[in-house]
Amino acid sequence: MMFIQILNLFPELLNLYGDKGNAITLFKRLSWRNINATITNFHLGEKIEVLKKADIILLGGASDFEEKILFKHLLGIKSILQELIEDGVPVLAICGGYQLLGNAYITIDGQEVKGLGILDFYTFGEKGRLIGNLIIKNNLGLEPKTVVGFENHGGRTYHNYNTFGTVITGFGNNGKDKKEGLIYKNLIGTYMHGPILPKNPHIADYLIFSALKRKFGITKEEFKKLDDTIELRAHHKIVALYGRKFF
Ligand code: GLN
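Residues numbered from 1 in each chain as written. Predicted model: local features only at pLDDT ≥ 70, side-chain atom pairs only at ≥ 80, totals over all residues. Heavy atoms only, no water.

Engineer: Report on the UniProt feature "binding site: substrate" (unreviewed entry) in the protein chain, specifying residues and quantitative values.
Structural biologist: As recorded in UniProt, the feature "binding site: substrate" (unreviewed entry) lies at R129. Here R129 lies in strand β7 (residues 122-138). If we ignore the near neighbours within four places in the chain, the residues touching R129 are N152, H153 and G154. A polar atom in the side chain of R129 sits 2.9 Å from the side chain of N152. (UniProt positions renumbered as here; feature names shortened; annotations may be inferred. Helix = DSSP H or I, 4+ residues; strand = E, 2+ residues; numbered from the N terminus. Contact = heavy atoms within 4.5 Å. Polar contact = N/O pair within 3.5 Å; in protein donor to acceptor, adjacent residues only side chain to side chain.)

Engineer: I'd like a rundown of empty space enclosed by the protein, residues and numbers included.
Structural biologist: Across all of its chains, the model carries one cavity of 30 Å³ or more by this definition. Lining the largest cavity, in full, are N8, P11, L14, N15, D19, K20, N22, L58, L59, G60, L92 and I94. Contributing elements (two or more residues each) for the lining of the largest cavity: β3 (56-59) and β4 (91-94). Tallied by class, residues from the lining of the largest cavity come to six nonpolar, four polar and two charged. (1 Å grid on protein atoms, 1.4 Å probe; cavity = no way out; pocket = protein on both sides within 12 Å on 5 of 7 lines; lining within 4 Å. Points joined across faces, edges and corners; volume = space filled by probe spheres on them. Nonpolar A, V, L, I, M, F, W, Y, C, P; charged D, E, K, R; others polar.)

Engineer: Residue-level account of the side chain of N173, with values.
Structural biologist: Within the fold, N173 resides in the loop between β9 (165-169) and β10 (179-180). A polar contact of 3.4 Å, which involves the side chain of N173, links it to the side chain of H159. Here G181 takes part through its backbone nitrogen, which lies 2.7 Å from a polar atom of the side chain of N173. When near neighbours in sequence (up to four residues on either side) are disregarded, N173 contacts Y98, H153, G155, R156, T157, H159, T163, K179, E180, G181 and Y191.

Engineer: Give me the site of the ligand: which residues, what numbers.
Structural biologist: Around the ligand, a shell composed of 16 residues is seen, among which D64, E67, C95, N152 and G155 lie nearest. Interatomic distance of 3.1 Å between a backbone N/O atom of A62 and an oxygen atom of the ligand. At a separation of 3.5 Å, an oxygen atom of the ligand approaches a polar side-chain atom of Y105. Relative to its unbound accessible surface of 300 Å², the ligand loses 98% to contact with the protein. Looking at the shell around the ligand, the elements that each hand over two or more residues are α3 (64-75), α5 (96-100) and β8 (146-158). (Near = heavy atom within 4 Å. Areas by Shrake-Rupley, 256 points an atom, 1.4 Å probe, with all protein chains shown as cover.)

Engineer: Just give me the short version of the pairing of β9, but keep the residues and values in it.
Structural biologist: Across the five residues of β9, four count as buried, placing the element largely inside the fold. Pairing of β7 with β9, which is carried by four bridges, proceeds in the antiparallel orientation. Following the sheet pairing, N138 is matched in β9 by G165. Strand direction decides the pairing type here: β9 and β10, joined by two bridges, are antiparallel. Residue pairing in the sheet places G165 in a bridge with E180 of β10. (Buried < 20%, exposed > 50% of the residue type's maximum accessible area, 1.4 Å probe, protein only. Pairing = 2+ DSSP bridges.)

Listed below in structure tokens is the structure:
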């Protein structure tokens with residue numbers, strides 16, 4: 001019997017705009033496929049062994065305040081988190097969680113919020129917040145091509161990794177270069193809240209398939225398709241309402 005452990009990192013601090021809905025979506029989509037799953041919440045002070053068993057890792061968003069609190073706790077799990085990422089464990093890191101994977105976040109008042117430095121990039125606070133609906137064209141070759149979400153961040157991220165997608169509507173990483181998010185191995189970093197996964201079943205399945213392939217060697221043909229009529233109705237409605245500039 002296949003079993004997948006979804007690990008939610010520090011949900012008491014990393015959970016802006018209902019990011020915990022991502023864990024629920026993954027859990028549901030696994031159970032609809034008759035795959036056993038658990039959602040494990042990894043709290044402050046938790047034993048590191050728990051993390052080692054993760055098959056999918058989630059980091060939600062956080063305000064600057066929580067990011068500062070979290071950094072020293074995250075340092076304790078840096079090496080194991082890095083090992084898991086390098087080993088191809090799928091990771092979804094949202095906004096503040098995404099920023100924390102980089103070297104540092106320099107806030108608008110010049111304070112340095114250190115990041116884990118697992119990925120080599122920086123985030124800078126600049127004047128004005130980037131807020132609103134965010135629609136991108138994904139770079140993972142997934143259908144539908146669009147990904148929809150909501151963003152609210154002061155930090156601007158600049159990096160040279162592959163991006164999660166190209167901005168159609170909204171700001172993305174920095175509001176300047178039309179780049180949104182980051183892809184590294186099976187890790188997705190993104191500014192999309194919402195939560196992102198319920199309205200983007202193709203992204204949820206990308207994470208699930210990556211986890212099943214890594215752990216059980218399953219193939220695309222063996223990966224059961226689900227009926228996503230309702231999820232995609234919500235998705236396309238948002239694209240129709242807010243993605244007009246592009247279409
Ligand atoms: N603290 C970060 C910023 O404002 C992230 C906010 C978030 O996670 N929405 O840039």
